[in-house]
Amino acid sequence: MHIPGLKVAMPSNAVDAYGLLRTALAENNPVLFLECARAYGRRAEVDLDAPPIPFGQARIAREGRDVTVVAFSGMVDEALIAADRLTDDGISAEVIDPRTIAPLDRDAILRSVRKTGRLVVAHDAHKTAGIGAEIAALCMEGAFDAMKAPPERVASLDVPIPSGPLLAEVYPNADTVIAAVRRTLERRDRA
């Protein structure tokens, strides 16, 4: 993300993977195309005639009013599951899928955070020095006056990534997203 000229795509689903890959093939700059291995078993209908998806154009995966959840790649589905479960408690979460991290659709993220006043960033990379820290800094610099609570980061534990059943203990999921959302909402009562 911090290498000028390098484009980085992180699709969360088959439709976006197809559209972003078409854009990558037409790109004159180098493109790093990151796939989430946890999404390999998922199936979806893909319209082969759909236009390519431009880099730097986030997708609002779900509209909301109480908190913004910016989720990357495999965490988008987890964030959507979390958002569905949060509605049972009257909590409306907006889920943003940036689709690319370079270029990053900063405007879409800042618009959402200005609307909700709260931010949770969910990605499955390690927490330390991850994309979550960059998004949190972006929002503190660009929407600090709208923030009702400090940003929350949901990420993998800062440990070596294991294989097998221990993997589920390291990677974040819908439950960790829900816990982070609840922490941001609890802060309003302490202000």
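Here, every reference points to the structure presented above.
For clarity, every value in this text was computed on a predicted model and none was experimentally measured.

(A) Quick look at the overall build of the protein chain. Looking only at helices and strands, the protein chain features six helices and eight strands. Mapped from its N terminus to its C terminus, the protein chain presents α and β elements in the order β-α-β-β-β-α-β-β-α-β-α-β-α-α. For the protein chain, whose C-alpha radius of gyration is 16 Å, the value lies close to the compact-globule estimate of 16 Å for 191 residues. Principal axes of the C-alpha set define a box for the protein chain whose edges measure 50 × 40 × 30 Å. A buried classification covers 45% of the 191 residues belonging to the protein chain. For the protein chain, restricting intrachain contacts to residue pairs at least 6 apart in sequence, the fraction spanning at least 24 positions comes to 81%. Just so you have it, the protein chain exposes about 10000 Å², and 53% of that area is on carbon and sulfur atoms.

(B) Structural view of the side chain of Glu78. Among the secondary structure elements, Glu78 is positioned in helix α2 (residues 75-87). Despite its burial, Glu78 pairs with no opposite charge, the nearest such side chain being Arg42 at 5.1 Å. Once residues lying within four places of it in the same chain are set aside, the contact partners of Glu78 are Asn173 and Ala174.

(C) Focus on helix α1 (residues 14-26). With 13 residues, α1 extends 19 Å from end C-alpha to end C-alpha; this agrees with the ideal 18 Å at 1.5 Å per step. Listed as buried for α1 are Asp16, Gly19, Leu20, Thr23 and Ala24. On an axial view of α1, the arc spanned by its buried residues comes to 140°, and they lie on one face. Set apart from the buried face of α1 by more than 90 degrees, the exposed residues are Leu25 and Ala26. Packed against the buried residues of α1 are β1 (7-9), β2 (31-33), β3 (59-62), β5 (93-97) and β6 (100-102). Between the side-chain oxygen of the N-cap and the backbone nitrogen of Val15 there are 3.1 Å, and the N-cap of α1 in question is Asn13.

(D) Inspection of the pattern of salt bridges at higher detail. Across all of its chains, the model carries 13 salt bridges by this definition. Between Lys115 and Glu63 there is a salt bridge; the shortest N-O distance is 3.3 Å. In this pair, Lys115 is assigned in helix α3 (residues 106-116) and Glu63 in the loop between β3 and β4 (67-71), connecting sequence segments 52 residues apart. On the basis of relative accessible area, Lys115 is assigned to the partly exposed category, the value being 42%.

Parameters at a glance
Residues numbered from 1 in each chain as written. Predicted model: local features only at pLDDT ≥ 70, side-chain atom pairs only at ≥ 80, totals over all residues. Heavy atoms only, no water. Helix = DSSP H or I, 4+ residues; strand = E, 2+ residues; numbered from the N terminus. Rg over C-alpha atoms; globule rule 2.2 N^0.38 Å. Buried < 20%, exposed > 50% of the residue type's maximum accessible area, 1.4 Å probe, protein only. Contact = heavy atoms within 4.5 Å. Areas by Shrake-Rupley, 256 points an atom, 1.4 Å probe, with all protein chains shown as cover. Lys, Arg positive; Asp, Glu negative; His and termini not counted. Salt bridge = Lys/Arg side-chain N within 4 Å of Asp/Glu carboxyl O. Expected span 1.5 Å × (residues − 1). Arc of directions from axis to C-beta. Polar contact = N/O pair within 3.5 Å; in protein donor to acceptor, adjacent residues only side chain to side chain.

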